[in-house]
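Summary of the model geometry
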Amino acid sequence: MTSRFTAKRVLLTGGASGIGRACAERFAAEGARIAIGDVDLAGAQAVAATLDGAAFAYDARDPAAAARLAADAVDALGGIDVLLNVAGIMAWGRFEETTPETWQRTLDINLSGPFYLIQAAIPHLKESKGNVVSVASAGGLHPVYGTAAYGVSKAGIIAVTQAASLEYARFGVRINAVAPGGVDTPMHEKSAAGGGVDPAIFAEAAGRNMPKLTDRQACTPEEIAAAIAYLASDEARFVTGTTLVIDGGQITG
Ligand SMILES: NC(=O)c1ccc[n+]([C@@H]2O[C@H](COP(=O)([O-])OP(=O)(O)OC[C@H]3O[C@@H](n4cnc5c(N)ncnc54)[C@H](O)[C@@H]3O)[C@@H](O)[C@H]2O)c1
């Protein structure tokens with residue numbers, strides 16, 4: 001294992017589970033000090049405890065929570081070198097059946113949450129000449145059948161990444177994203193199990209552009225964490241405004 005993040009201060013959301021947890025472990029293994037914000041505080045504390053990190057209650061639906069989390073991270077770590085927006089939810093549902101509640105909740109958590117957190121972290125990132133990596137989705141570049149609200153939220157975070165990168169390159173702050181396809185995490189398990197939506201939607205989607213959902217050959221969270229670590233490291237010194245697709249060919253299929 002390389003040590004690209006020795007003494008770097010990393011704030012990440014969604015660290016209690018899946019890709020966020022894999023990121024916390026990967027960055028800590030490469031020397032980083034970690035602060036996790038998650039709505040699942042107990043889960044975040046359990047992960048942080050194994051990494052000598054800090055954990056804070058953070059609900060991405062609450063705009064005021066972003067400023068609190070950034071301040072908590074700065075108190076705990078002394079600054080922020082890397083912000084990773086990983087927290088998110090999946091929402092299945094046919095286009096015309098997507099309720100205002102699902103639409104709003106999905107946009108609040110997956111799009112507005114990262115937007116406000118980037119805003120809150122920017123003054124600290126300007127100081128550290130740091131960077132941001134947000135977890136979008138292949139579904140934000142090419143919609144996945146039956147997930148319109150999710151796809152729009154992830155297209156939005158790609159646009160946020162591009163917009164912010166334009167404004168902050170001159171301050172030496174890089175802003176990037178990754179776009180995974182299906183990744184083997186609790187989110188993926190919940191989706192495959194139905195998650196309370198009409199299971200017929202999975203049969204409709206199968207054979208279209210979610211093959212990974214049924215053949216169980218999904219990518220691992222560690223593989224996504226490795227790509228995120230590259231973007232957050234000095235090896236990607238000249239990379240900003242990009243969205244790195246890691247989907248095994250899903251959106252080209
Ligand atoms: N798993 C996949 O197939 C896949 C594919 C593409 C993109 N993604 C994206 O990767 C990210 C991580 O997903 P995952 O698969 O690890 O899912 P996961 O369900 O394992 O983890 C999601 C984490 O986000 C946290 N979270 C949920 N709602 C929150 C809120 N309101 N405020 C703060 N934290 C909240 C959860 O507590 C959990 O720790 C998400 O943004 C997701 O959209 C996942």
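Computed from a prediction, not measured in an experiment: that's the story for all the values here.

What the protein contains, in helices and strands, is 9 helices and 7 strands. Radius of gyration (C-alpha) of the protein: 17 Å, near the 18 Å computed for a compact globule of 253 residues. Based on the C-alpha atoms only, the size of the protein along its principal axes is roughly 50 × 35 × 35 Å. The buried share of the protein, taken over its 253 residues, is 52%.

To continue, consider the environment of Ala 73. Relative to the assigned elements, Ala 73 resides in helix H3 (residues 63-77). C-alpha separation for the pair Ala 73 and Ile 109, spaced 36 residues apart in sequence, amounts to 20 Å. Excluding residues that lie within four positions of it along the chain, Ala 73 makes contacts with Leu 11, Ala 35, Phe 56, Gly 78, Gly 79 and Ile 80.

Attention now moves to the sheet that holds strand S7 (residues 243-246). In spatial order, the strands read S3-S2-S1-S4-S5-S6-S7; together these 7 strands make up an open sheet with parallel pairing. Each edge of the open sheet is held by one strand with a lone partner, namely strand S3 (54-57) and S7. Adjacent strand axes in the sheet meet at a mean angle of 15°, parallel and antiparallel pairs treated alike. Pairing of strand S2 (residues 33-38) with S3 involves 4 bridges; the strand directions are parallel. What sits directly across from Gly 37, in S3, is Phe 56. Of the strands in this sheet, strand S5 (131-135), strand S6 (174-180) and S7 touch helix H5 (residues 148-168), which is tilted by about 160° from S6. Sheet contacts for helix H9 (residues 221-232): strand S4 (82-85), S5, S6 and S7; angle to S6, the most-contacted strand, approximately 165°.

Outside of glycine, negative phi angles account for most residues, and trans bonds account for most peptide bonds. The backbone of Ala 7 sits at a positive phi, close to 65°, despite the residue not being glycine. Inspection of the secondary structure puts Ala 7 in the segment before strand S1 (9-13). Despite not being glycine, Asp 52 has its phi angle at roughly 60°, a positive value.

A word on the environment of Cys 219. For Cys 219, the position within the fold is in the loop between helix H8 (211-215) and H9. For the pair Cys 219 and Glu 96, spaced 123 residues apart in sequence, the C-alpha separation works out to 30 Å. Once you skip the residues sitting within four places of it in the chain, Cys 219 turns out to touch Gly 182, Val 183, Asp 184 and Ile 224.

Now for the nonpolar core. Counting residues in hydrophobic clusters, the biggest one holds 34 residues, and the most contacted among them are Phe 27, Ile 34, Leu 84 and Ile 228. Take this core: its biggest share by element is 7 residues, from H9. Beyond its immediate stretch of four places on either side in the chain, Phe 27 contacts Phe 5, Val 10, Ala 32, Ile 34, Val 82, Leu 84, Ile 228, Ala 229 and Ala 232. Membership of the second largest hydrophobic core comes to 30 residues, among which are Ala 60, Ile 122, Val 160 and Ala 164.

Attention now goes to the packing of helix H1 (residues 18-29) against H9. Close contact between H1 and H9 brings their axes to 8 Å; oriented N to C, the two are set at 55°. Classified by the interaxial angle, the pair formed by H1 and H9 is oblique. In this structure, H1 meets H9 at a crossing whose hand is right-handed. Contacts between H1 and H9 involve Gly 18, Ile 19, Ala 22, Cys 23, Arg 26 and Phe 27 on the former and, on the latter, Pro 221, Glu 222, Ile 224, Ala 225, Ala 226, Ile 228, Ala 229 and Ala 232. Looking at the contact of H1 with H9 residue by residue, the classes come out as 11 nonpolar, 1 polar and 2 charged.

Quick look at the pattern of salt bridges now. Under the counting rule described, the total for this entry stands at 9 salt bridges. A salt bridge links Asp 198 to Arg 94, with the shortest nitrogen-to-oxygen separation between them at 3.2 Å. Residue Asp 198 is found in the loop between helix H6 (186-193) and helix H7 (200-205), and its partner Arg 94 is found in the loop between S4 and helix H4 (100-128); the two are separated by 104 residues along the sequence. For Asp 198, a relative accessible area of 39% puts it in the partly exposed group. On the accessibility criterion, Arg 94 (19% relative accessible area) is buried. Connected through salt bridges with shared partners, the residues Arg 4, Arg 26, Glu 30 and Glu 235 form a single ionic network.

Criteria and cut-off values
Residues numbered from 1 in each chain as written. Predicted model: local features only at pLDDT ≥ 70, side-chain atom pairs only at ≥ 80, totals over all residues. Heavy atoms only, no water. Helix = DSSP H or I, 4+ residues; strand = E, 2+ residues; numbered from the N terminus. Rg over C-alpha atoms; globule rule 2.2 N^0.38 Å. Buried < 20%, exposed > 50% of the residue type's maximum accessible area, 1.4 Å probe, protein only. Contact = heavy atoms within 4.5 Å. Pairing = 2+ DSSP bridges. Axes fitted to C-alpha atoms, helices over the stretch in contact; angles between N-to-C directions. Core = buried A, V, L, I, M, F, W, Y, C linked by side-chain atoms within 4.5 Å. Parallel < 35°, antiparallel > 145°, perpendicular 65-115°, else oblique. Left-handed = near helix turned anticlockwise from the far one by under 90°. Nonpolar A, V, L, I, M, F, W, Y, C, P; charged D, E, K, R; others polar. Salt bridge = Lys/Arg side-chain N within 4 Å of Asp/Glu carboxyl O.

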